[in-house]
Amino acid sequence: MSDPKKSKDAEDILSEFHVHTSPEPEPQLPSPEPEPQLPSPEPEPQLPSPEPEPQLPSPTSEPSPETRHNPEERDVIFVGTKPIMTYVSATLTQLSTRHTVTIKARGKRITQAVDVSQMIVKRMNTVGYVISDVRILSDSLTSQDGKTRNVSTIEIDITKN
């Protein structure tokens, strides 16, 4: 077991990030003096009362099956043209609430997907993230010139150990 004082999980890291990036409160300006009110000559017209809003379920009630999360449910992070740290933070955010997150990439972006997974596993080793499965696939896509081409795809599953 690792020392609990030394280990940080994704929630601690994200909370530190939010503390450093939270906007500073705006300074309070003195309130202006109130303007004198004149009596209104005409009464305001009465508007019809709006229909009552539908009742939402209380937070203590059992969540519906559509909103309940299966522990084996996966979120997928698709790697594209954004900077690598964007995908690292998105994956860590999902891992704070999910058991397994899949990093998916095609073609030239496969190397970035591998980099994302390695940054999470190697640099966050005290948290205990591991690569649980890697799938290498090939998709047949139709290119703009009408030809069918095979494009390599990788799917990397990361779980918290």
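Residues numbered from 1 in each chain as written. Predicted model: local features only at pLDDT ≥ 70, side-chain atom pairs only at ≥ 80, totals over all residues. Heavy atoms only, no water.

Asker: Explanation requested: the overall build of the chain in the structure shown.
Answerer: Scanning the chain from N- to C-terminus turns up three helices and four strands. Helices (α) and strands (β) of the chain occur, in sequence order from the N terminus, as α-β-α-β-α-β-β. Put simply, the chain has 161 residues, and 20% of those count as buried. Contacts spanning at least 24 positions in sequence make up 66% of the contacts within the chain whose residues lie at least 6 apart. (Helix = DSSP H or I, 4+ residues; strand = E, 2+ residues; numbered from the N terminus. Buried < 20%, exposed > 50% of the residue type's maximum accessible area, 1.4 Å probe, protein only. Contact = heavy atoms within 4.5 Å.)

Asker: How should I be thinking about the pairing of strand S4 (residues 148-160) in this particular structure?
Answerer: Remark: a regular strand shows side chains that alternate across the two faces of the sheet. Strand direction decides the pairing type here: strand S2 (residues 100-106) and S4, joined by seven bridges, are antiparallel. Along S4, the bridge assignment pairs Ile103 with Ile156. Note that strand S3 (residues 129-142) and S4 share 13 bridges and pair antiparallel. In the sheet register, Val134 faces S4, and the bridge partner there is Ile156. Between S3 and S4, which follow one another and run antiparallel, lie five residues, and Gly146 among them has a positive phi close to 90°. (Pairing = 2+ DSSP bridges.)

Asker: Would you mind showing me how to read the pattern of salt bridges here?
Answerer: Where charged atoms from two side chains of opposite charge come close, those side chains can pair. In this structure the tally under the stated criterion is six salt bridges. As a salt-bridge pair, Glu155 and Lys104 come within 3.4 Å of each other at their nearest N and O atoms. Residue Glu155 is found in strand S4, and its partner Lys104 is found in strand S2; the two are separated by 51 residues along the sequence. For Glu155, a relative accessible area of 12% puts it in the buried group. The partner of Arg135 in a salt bridge is Asp157, and the shortest N-O contact between them spans 2.8 Å. On the criterion of sequence distance, the pair formed by Arg135 in strand S3 and Asp157 in strand S4 is long-range, its members being 22 residues apart. Exposure remark for Asp157: the relative accessible area of 1% places this residue in the buried category. Each of Lys104, Asp133, Arg135, Glu155 and Asp157 takes part in a single network of salt bridges with overlapping partners. (Salt bridge = Lys/Arg side-chain N within 4 Å of Asp/Glu carboxyl O.)

Asker: Could you clarify how one ought to interpret the nonpolar core in this entry?
Answerer: Soluble globular proteins tend to bury their nonpolar side chains together. Of all hydrophobic cores here, the largest spans 18 residues; its most connected members are Ile103, Ala113, Ile120, Tyr129 and Ile158. Put simply, the parts of the chain that give this core at least two residues each are helix H2 (84-95), S2, helix H3 (110-123) and S4. When residues of this core are assigned to their parent elements, the largest contribution, four residues, is made by H2. Setting aside anything within four residues of it in sequence, one finds Ala113 in contact with Val79, Ile103, Ala105, Ile154 and Ile156. (Core = buried A, V, L, I, M, F, W, Y, C linked by side-chain atoms within 4.5 Å.)

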